[in-house]
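A look at the structure
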Amino acid sequence: MNEPLIQRHWVALAAPKIAPAVATSTVLILGRIWNANGAEHSAGNAALMVVLAAGAATAGAFASAGRAGDSVIAGTAFATSGGLALAGVAGYADGLPLPLLLWAVATAAAYGIAARYWRTDRRDTVDYERQTTKRREEQGHVERVEALRAGAQIEVARSGAAYAEQLATALITRAALPGFDPQTLTDAGLPELPTHTEHR
């Protein structure tokens, strides 16, 4: 019943918590690199980012409005749309205040969305652990009851064997006494006792 203990590395534990900040920071950095390479005040580049962001947002809207409502595809599409919009502003804007403001808003929104999934995942994990503990306790209870039952049966069988052995020894010893007449027991209605030679 013992399960192996799995100790996760601290990097694996911290990675989901820092992923939204890393993603938005990466987009901001790439946007500023793009700005330094000629995207600043470029109408064509701005129009391209607007079209790409609008396309990603439209894809997310279609994914969430469909009959099945695939939340993973919709979330990915909306995140892509936001990232493209942030990259477009970071690449097109003159200074850093507006890109940093959008970065802060995008990071806060990413953590807000991620927190909901973290809560759901934590709730599922707690439910799974609770059910696993309950099954383990029920199985342990069944095993303990069966062990007690088997022990009682073994003890009863052992006591019965010891009683039979003591009874046989008593009968043999009584039959060996001088003056013992087994016919008297038979005449009294008791079953005939075996003779000493029959037990050998």
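Note that this is a predicted model, so its numbers are computed, not measured.

**Concerning the overall build of the chain**
The number of helices and strands found in the chain is 5 helices and 0 strands. Each helix and strand of the chain, placed in order from N terminus to C terminus, yields the pattern α-α-α-α-α. Each of the 200 residues in the chain was classed as buried or not, and the buried ones make up 14%. Nonlocal contacts in the chain, meaning residues at least 24 apart in sequence, comprise 66% of its contacts between residues at least 6 apart. Summing over all exposed atoms, the chain offers an accessible surface of approximately 14,700 Å²; the carbon and sulfur share of this is 65%.

**Here's the deal with a nonpolar patch on the surface**
On the surface, Ile29, Leu30 and Ile33 cluster together into a nonpolar patch covering about 290 Å² of accessible area. As for its position among the elements, Ile33 is in helix H1 (residues 10–39).

**So, the environment of Val22**
Relative to the helices and strands, Val22 is located in helix H1. In sequence terms Val22 and Thr107 are 85 residues apart; their C-alpha atoms lie 9.0 Å from each other.

**Re helix H4 (residues 97–175)**
Think of an α-helix as turning once every 3.6 residues; residues three or four places apart then point the same way. Given a rise of 1.5 Å per residue, 79 residues ought to cover 117 Å, and the 114 Å separating the end C-alpha atoms of H4 matches this to within 8%. Here H4 has its buried residues at Pro99, Thr107, Ala114, Thr132 and Gly140.

**Let's talk about the pattern of salt bridges**
One pass over the full model with this rule turns up 3 salt bridges. For the salt bridge of Arg130 with Asp127, the shortest nitrogen-to-oxygen distance reads 3.3 Å. Here Arg130 and its partner Asp127 are both found in helix H4, 3 residues apart, which amounts to about one turn of the helix. Judged by relative accessible area, which is 31%, Asp127 ranks as partly exposed.

**What to know about the environment of Ala23**
Mapping Ala23 onto the fold places it in helix H1. When its relative accessible area of 42% is taken as the criterion, Ala23 is described as partly exposed. When the C-alpha positions of Ala23 and Ala110 are compared, they lie 9.2 Å apart, and in sequence the two are 87 residues distant.

**A word on the side chain of Arg32**
When you line up the elements, Arg32 lands in helix H1. Look at Arg32 and you get buried, because its relative accessible area is 19%. Discounting residues that sit within four places of it in the chain, Arg32 has contacts with Ala90, Ala93, Asp94, Gly95, Leu96 and Pro99.

**Quick word on the confidence of the model for the chain**
Summing up the model confidence of the chain, the mean pLDDT is 77 and the portion of residues at 70 or higher is 80%. Ranking the elements of the chain by mean pLDDT puts helix H5 (residues 182–187) last with 71 and H4 first with 86.

The rules behind the values
- Residues numbered from 1 in each chain as written.
- Predicted model: local features only at pLDDT ≥ 70, side-chain atom pairs only at ≥ 80, totals over all residues.
- Heavy atoms only, no water.
- Helix = DSSP H or I, 4+ residues; strand = E, 2+ residues; numbered from the N terminus.
- Buried < 20%, exposed > 50% of the residue type's maximum accessible area, 1.4 Å probe, protein only.
- Contact = heavy atoms within 4.5 Å.
- Areas by Shrake-Rupley, 256 points an atom, 1.4 Å probe, with all protein chains shown as cover.
- Patch = residues over 30% accessible without salt bridge, like charges linked within 9 Å, V, L, I, M, F, W, Y side chains within 5 Å.
- Salt bridge = Lys/Arg side-chain N within 4 Å of Asp/Glu carboxyl O.
- Expected span 1.5 Å × (residues − 1).
- pLDDT = per-residue confidence, 0-100.

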